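Observations on the three-dimensional arrangement
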Amino acid sequence: MADTGVAGGETLLFLTDEQLRKGIEAMFFAYRGFTADPDRILDKHGYGRAHHRAIHFINREPGLTVTTLLSVLGVTKQSLNRVLRTLIEDGLVENRVGKRDKRERHLYLTEAGNTLERELSGAQRERMRLAYRAAGPQAVAGFRQVLEAMMDPEMRRHYQMLKDTA
């Protein structure tokens, strides 16, 4: 196999524990940066990251069922219910009974929810846009491959379903 070296002579074929540690730390600090802007916005409203994740996926798929959101987020029903109750009481999310199955609850963002979602995702899109431009298209494709390879099979299935609806 050919050596797929990177700057500094590191190879991607045989990573040392030190190289992996650097990658883990880079991911940690990148995640802190990625969540910093939304965290400030959420804090103003008294919300946390769980609220952000719920808002993101409800926006991504209007009419998403509570059951599907539970599966996507990988949280307990109790913790999701706390988050949804707050978002519904604050007028950001609307909960509609299913037309075919009255037991299902479908979730939609209200206009206020859409406004908050645009503010939250706008901050993250801008950070991603700048990083992608700086890294270039080949790095962007490689980064996505790495992220997808790190996903557990169930999460990859959810991610693939979202990609397919885009």
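To be clear, the structure that these remarks concern was listed above.
Throughout what follows, the structure given in this document is the object of discussion.

Conventions we followed
Residues numbered from 1 in each chain as written. Predicted model: local features only at pLDDT ≥ 70, side-chain atom pairs only at ≥ 80, totals over all residues. Heavy atoms only, no water. Core = buried A, V, L, I, M, F, W, Y, C linked by side-chain atoms within 4.5 Å. Buried < 20%, exposed > 50% of the residue type's maximum accessible area, 1.4 Å probe, protein only. Helix = DSSP H or I, 4+ residues; strand = E, 2+ residues; numbered from the N terminus. Contact = heavy atoms within 4.5 Å. Pairing = 2+ DSSP bridges. Phe/Tyr/Trp six-rings, centres within 6.5 Å; stacked < 30°, edge-to-face > 60°. Lys NZ or Arg CZ within 6 Å of the ring centre and 35° of its normal. Expected span 1.5 Å × (residues − 1). Salt bridge = Lys/Arg side-chain N within 4 Å of Asp/Glu carboxyl O.

**Points about the nonpolar core**
I58, L69 and L87 are the most contacted members of the largest nonpolar core, which totals 25 residues. Contributions of two or more residues to this core are made by helix 1 (17–45), helix 2 (49–60), helix 3 (66–73), helix 4 (77–89), strand 3 (105–109) and helix 5 (111–135). Here this core takes five residues from helix 3, the largest share from any one element. Among all residues touching L69, those that are not within four sequence positions of it are A54, F57, I58, L64, L80, L84 and L107.

**A closer look at the sheet that holds strand 3**
On the basis of which strands lie adjacent, the open sheet formed by three strands has the order 1-3-2 and antiparallel pairing. Both edges of this open sheet fall to strand 1 (64–65) and strand 2 (93–97), since each of them pairs with a single strand only.

**Describing the packing of aromatic side chains**
Applying the stated criterion across every chain yields a total of one aromatic pair. Over the ring of Y108 we find R96, and its NZ or CZ is 3.8 Å from the ring centre.

**Some details on helix 2**
Its 12 residues give helix 2 an end-to-end C-alpha distance of 16 Å, which sits within 8% of 16 Å, the value for a rise of 1.5 Å per residue. H51, H52, A54, I55, F57 and I58 are the residues of helix 2 that are buried.

**Quick notes on the pattern of salt bridges**
Per the counting criterion, the structure on display carries 10 salt bridges. Of the charged contacts in the structure, one is a salt bridge between D37 and R127, with a shortest N-O distance of 3.3 Å. Taken together, the positions of D37 in helix 1 and R127 in helix 5 put the pair 90 residues apart, joining distant regions of the chain. The partly exposed category is assigned to R127, whose relative accessible area is 35%. As a salt-bridge pair, E111 and R118 come within 3.5 Å of each other at their nearest N and O atoms. A residue is classified by how much of its surface remains accessible, and R118, at 46% relative accessible area, is partly exposed. Connected through salt bridges with shared partners, the residues E18, R21 and E25 form a single ionic network.

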